[in-house]
Structure formats: C-alpha cells, structure tokens
Amino acid sequence: MVKSIAQRTIDNVRTIGVAIGPCTVPAVGHPSFQIPENEMELGIGIHGEPGIRREQIANADGIVKKMIDRLLTFLEYAGNDVILLINGMGATPMMELLIVNKFAKEYLYRNGVTVYDTMIGNYMTSIDMAGFSMTLLKLDDTLRAFYDASADTFAWKK
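Residues numbered from 1 in each chain as written. Predicted model: local features only at pLDDT ≥ 70, side-chain atom pairs only at ≥ 80, totals over all residues. Heavy atoms only, no water.

Novice: Explain the packing of aromatic side chains to me, please; I cannot follow it from the model alone.
Specialist: Overall, the coordinates contain two aromatic pairs when judged by the stated rule. An angle of 15 degrees between the planes, with centres 5.6 Å apart, marks the rings of F103 and Y107 as stacked. Residue F103 and its partner Y107 are located together in helix α3 (residues 94-110), separated by four residues, close to a single helical turn. Taking the relative accessible area as the measure of exposure, F103 reaches 11% and is therefore buried. A residue is classified by how much of its surface remains accessible, and Y107, at 9% relative accessible area, is buried. Here Y147 and W156 contribute two aromatic rings whose centre-to-centre distance is 6.1 Å and whose plane-to-plane angle is 50 degrees, an arrangement assigned as tilted. What makes Y147 buried here is its relative accessible area of 11%. The positively charged end of R144 is found above the aromatic ring belonging to Y116, 4.6 Å away from the centroid. (Phe/Tyr/Trp six-rings, centres within 6.5 Å; stacked < 30°, edge-to-face > 60°. Helix = DSSP H or I, 4+ residues; strand = E, 2+ residues; numbered from the N terminus. Buried < 20%, exposed > 50% of the residue type's maximum accessible area, 1.4 Å probe, protein only. Lys NZ or Arg CZ within 6 Å of the ring centre and 35° of its normal.)

In structure tokens, the structure reads:
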C-alpha cells in the first residue's frame, strides 16, 4: 500500500525552482555557480544543478506566471484541487514567499485550478540560495485523505 500511495503521489506532483543567487556547498566553501545581478535561473535544482534557462530577472508575479505556466504543461490540473507548496531555497525572506503565494493562488484560480491548501516555508533548502521552488500536487480522494490525516512528527505536524 505504501508503494502505491507513493507512486500515486509521484504521478500527480510537479516542482520547479528559480534562483537569483547561488548556494554555497559547505564542503566546498564557496558558491557553486554564479548568476549575474540582473539574471535568474529558471528550473534550477535544489543544490544548484543547472536549470532550463537563464533570463532577465522579472518581478515576482512575472516569475510565478512563468513557473506555473511551465508546471501546467506537465499535468492536467484544470478542474482539480491541488496542494500548493512554496518552498524557500534558504535565503528568501518569508515576506517574499508570501508575495509569491498570493499571486500563485490567484493565477492558478484563473487557470481553473483550486488551491485546497498551501504550505509556505523552508522545507528543503540549499542553506543560502536566493530563490524558491513551487510544487503542485493534484489531489484525488485518496491523496486528500492522506494529506488531511493527523500527524505529529518532528518535520510535519497536522
């Protein structure tokens, strides 16, 4: 059963990240890559793995729109409820994550996607990377029941 629920989750979740500043890998002691001040890297990995492309930095709404547009090409989210996870990469203030969340929820709604719940915070970071990732989990009755279940662990309380 655990394997089937994990596979169902994998089949219904997609994530994309963006960075405007690099991360420092502790074992190396210096930034693992460079991003010019006026650029951002779309699709970057959590440890600084190269993204889809670099482009001119945009405002928060413009960045979120690009990210959601990309996510919507991978799964049919319209007409479905989703869990929206806004994850800080380590150096992004909570206020900026909240700004990202506000536009993300509005933009998803305009695209026929209902946000059932939102999680905002630093769940998986690169210590000091400036940026964030956005994850959409499309819910069905089974995934919703597991998401809504009570939990009391170090990393997850509900």
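Here the narrative resumes, following the displayed structure.
Novice: What am I meant to see in the pairing of strand β6 (residues 130-138) here?
Specialist: Looking along a regular strand, one sees the side chains alternate between the two faces of the sheet. Burial of β6 is extensive: nine of the nine residues sit out of reach of the surface. Of the two faces of β6, the one lined by A130, F132, M134, L136 and K138 and the one lined by G131, S133, T135 and L137 are each fully buried. One ladder, built from eight bridges, connects strand β1 (residues 13-21) with β6; its direction is antiparallel. Across the sheet, G17 pairs through a bridge with S133, a residue of β6. (Pairing = 2+ DSSP bridges.)

Novice: Can you walk me through the layout of surface pockets in this structure?
Specialist: Space left empty within the atom packing is revealed by a probe, the size of a water molecule, rolled over the atoms. A volume near 470 Å³ is recorded for the largest pocket. Along the walls of the largest pocket sit 14 residues, with T9, I83, M119, L137 and Y147 positioned nearest its centre. For the lining of the largest pocket, the elements supplying multiple residues, two or more each, are α1 (2-11), β1, β4 (81-88), β6 and α4 (141-148). No other element matches the three residues that α4 contributes to the lining of the largest pocket. Split by residue class, the lining of the largest pocket holds eleven nonpolar, three polar and no charged. Its boundaries defined by the atoms lining it, the second largest pocket holds a volume of some 250 Å³. Counting residues per element, the ones that place at least two in the lining of the second largest pocket are β1, α2 (60-71), α3 and β6. Examining the composition of the lining of the second largest pocket, we find that four residues originate from one element, α3, more than from any other. A breakdown of the residues in the lining of the second largest pocket according to their chemical character gives 14 nonpolar, three polar and one charged. (1 Å grid on protein atoms, 1.4 Å probe; cavity = no way out; pocket = protein on both sides within 12 Å on 5 of 7 lines; lining within 4 Å. Points joined across faces, edges and corners; volume = space filled by probe spheres on them. Nonpolar A, V, L, I, M, F, W, Y, C, P; charged D, E, K, R; others polar.)

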